[in-house]
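Residue-level structure breakdown
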Amino acid sequence: MSQEAQLTHEPETPHLDFHGTTPYEDYVKADVLTHLQHTLSDDPGEMVFLVTTQVMELWFTVVVHEWETAAKALREDDVPVAIAALKRSVRELEALNASWKPLGQLTPAQFNSYRSALGEGSGFQSAMYRRMEFLLGEKSASMLVPHRGAPRVHAELEKALHEPSLYDEVLRLLARRGHAVPESVLGRDVAQRYEASDEVEAVWAAVYSGDQNAELVRLGEALSDVAELVWRWRNDHLVATRRAMGAKPGTGGSAGVAWLEKRARKNVFPELWTARSYV
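An account of the accompanying structure is given in this report. The model shown is predicted, which means the values in this text are computed figures rather than measured ones.

Regarding the overall build of the protein
A count of helices and strands for the protein gives 14 helices and 0 strands. Secondary structure elements of the protein occur, N-terminal to C-terminal, as α-α-α-α-α-α-α-α-α-α-α-α-α-α. Summarising its shape, the C-alpha atoms of the protein cover approximately 70 × 65 × 35 Å along the three principal directions. Counting all 279 residues of the protein, 41% fall into the buried class. Once local pairs closer than 6 in sequence are excluded, the contacts in the protein between residues at least 24 apart make up 72%. Only carbon and sulfur atoms are counted for the fraction: they give 56% of the accessible area of the protein, which is about 15700 Å². For the protein, the distance from the average site of its 30 positive side-chain charges to the average site of its 40 negative ones is 7 Å.

Regarding the environment of Asp 198
Positionally, Asp 198 belongs in helix H11 (residues 198-208). Looking at Asp 198, the relative accessible area reads 63%, which means it is exposed. Once the C-alpha coordinates of Asp 198 and Asp 168 are considered, the two residues, 30 residues apart in sequence, prove to be 16 Å apart.

Considering the side chain of Glu 46
Tracing the sequence through the fold places Glu 46 in helix H4 (residues 45-75). Despite its burial, Glu 46 remains without a salt bridge, the nearest opposite charge being carried by Arg 115 at 12 Å. Beyond its immediate chain neighbours, meaning those up to four positions away, Glu 46 contacts Thr 39, Leu 40, Ser 41, Tyr 114 and Ala 117.

Regarding the layout of surface pockets
The space that makes up the largest pocket amounts to roughly 1200 Å³. The wall of the largest pocket is formed by 46 residues, among which Phe 49, Thr 53, Leu 118, Ser 122 and Gly 123 lie closest to the centre. At the level of secondary structure, the elements contributing two or more residues to the lining of the largest pocket comprise H4, helix H6 (108-115), helix H7 (127-135), helix H12 (215-245) and helix H13 (257-264). Broken down by class, the residue content of the lining of the largest pocket amounts to 25 nonpolar, 15 polar and 6 charged.

A word on the nonpolar core
Formed by 60 residues in total, the largest nonpolar core has its most connected members in Trp 67, Trp 204, Leu 219 and Phe 269. When residues of this core are traced back to their parent elements, those giving at least two are H4, helix H5 (79-98), H6, H7, helix H9 (166-176), H11 and H12. When residues in this core are grouped by element, the largest group, 13 residues, is from H12. The next biggest cluster of nonpolar side chains, apart from the first, holds 8 residues, and it includes Ala 127, Phe 134, Val 153 and Leu 161.

Digging into the packing of aromatic side chains
Within the structure shown, the criterion is met by 10 aromatic pairs. Where Tyr 167 meets Tyr 194, the ring centres are 5.2 Å apart and the plane angle is 90°; that geometry is what we call edge-to-face. One end of the pair, Tyr 167, is in helix H9; the other, Tyr 194, is in the loop between helix H10 (183-186) and H11, and 27 residues separate them in sequence. Accessibility assignment for this pair places Tyr 167 and Tyr 194 in one class, buried. What links up through ring pairs into an aromatic cluster is the set Phe 60, Trp 100, Tyr 129 and Trp 233.

How each quantity is defined
The residue count restarts for each chain, going from 1 along the sequence in the order it is written. The predicted nature of this model means local features are confined to residues of pLDDT at least 70 and side-chain atom pairs, given and counted, to a pLDDT of 80 or more, with totals for whole chains, interfaces and linings taken over all residues. As a convention, hydrogens and water are excluded, and side-chain values are obtained from all of the structure's heavy atoms. A run of DSSP states H or I qualifies as a helix once it reaches four residues; a run of E qualifies as a strand once it reaches two. Both are numbered from the N-terminal end. Relative accessibility thresholds used throughout: buried, under 20% of the residue-type maximum; exposed, over 50%; partly exposed, between the two (1.4 Å probe, protein chains only). Contact criterion: two residues are considered in contact whenever any of their non-hydrogen atoms come within 4.5 Å of each other. Per-residue and other accessible areas were derived by the Shrake-Rupley procedure at a 1.4 Å probe size, with only the shown protein chains allowed to occlude residues. Lys and Arg are tallied as positive, Asp and Glu as negative. Neither His nor the chain termini are counted. Every charge is mapped onto a representative atom, which is NZ of Lys, CZ of Arg, CG of Asp or CD of Glu. By definition here, a salt bridge exists when the distance from a side-chain nitrogen of Lys or Arg to a carboxyl oxygen of Asp or Glu is within 4 Å. In this analysis, the protein atoms alone were mapped onto a 1 Å grid. Cavities are point sets where a 1.4 Å probe fits without being able to get out; pockets are open sets with protein on both sides within 12 Å along at least five of seven lines; lining residues have an atom within 4 Å of a point. Grid points are joined across faces, edges and corners, and a volume is the space filled by probe spheres set on the points. Under this grouping Gly is polar, as are all residues other than the nonpolar Ala, Val, Leu, Ile, Met, Phe, Trp, Tyr, Cys and Pro and the charged Asp, Glu, Lys and Arg. Only buried Ala, Val, Leu, Ile, Met, Phe, Trp, Tyr and Cys residues count toward a nonpolar core, and they belong to the same one when joined by side-chain atoms within 4.5 Å. Planes of paired rings set the category: under 30 degrees apart is stacked, over 60 is edge-to-face and the rest tilted, where pairs are Phe, Tyr or Trp rings (Trp by its six-membered ring) whose centres lie within 6.5 Å.

This is the structure in structure tokens:
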């Protein structure tokens, strides 16, 4: 074939004829995903709210996968694999946080036009988000109660409640590396909410006072990136809710903005933040 013919040669038509569904559909299940939306009002904005919420649930699932991967790697003393999973989750958290943008401009009247469709539904009832919180050390057995009617979901959450959190695995790694993590922390009931420790704060201060390229410093920074984006998620949630409904009670019986304000004031991996004052 001449050079001119090669330059003008049209690419071949992609394969179009399949038996049954396409390989893309078989893998992605797009037809399932795009038929999960069943709005309960006539307001066109409800579709945006519903799809955005479903997208958030998918991102929760990915982030849980990454943090569980990181926790497993830490148990096996494979810090590079753990850091890689945490770094992937940072990009995923950024995408998750961007999900607030379609909802962040809602006026009260716009939100009220389909709010009644939620009934007693509320984001705090999300089982996958609860698994995220449990992995961060925000444990609470009472949060299993809403899921008693869904045996599989309840069992998965109960298992996550009684497993060490991501941060528990980090602290156990620090202890194995010779750092003075107290036995009261290492042997604590992991089904309880993690509480900050002065001794753990001192450990992180020592880690951060050493070689800035050390593996544990890089692990601490990856965790700090995660913690910062979790804080931003909570604050973006607070702002979107305050804008859409002011100080009214939240759906599902929560205190709405007041409850979100309390959550937004809390840092995950707390000693990673307070230790910086002593470096």
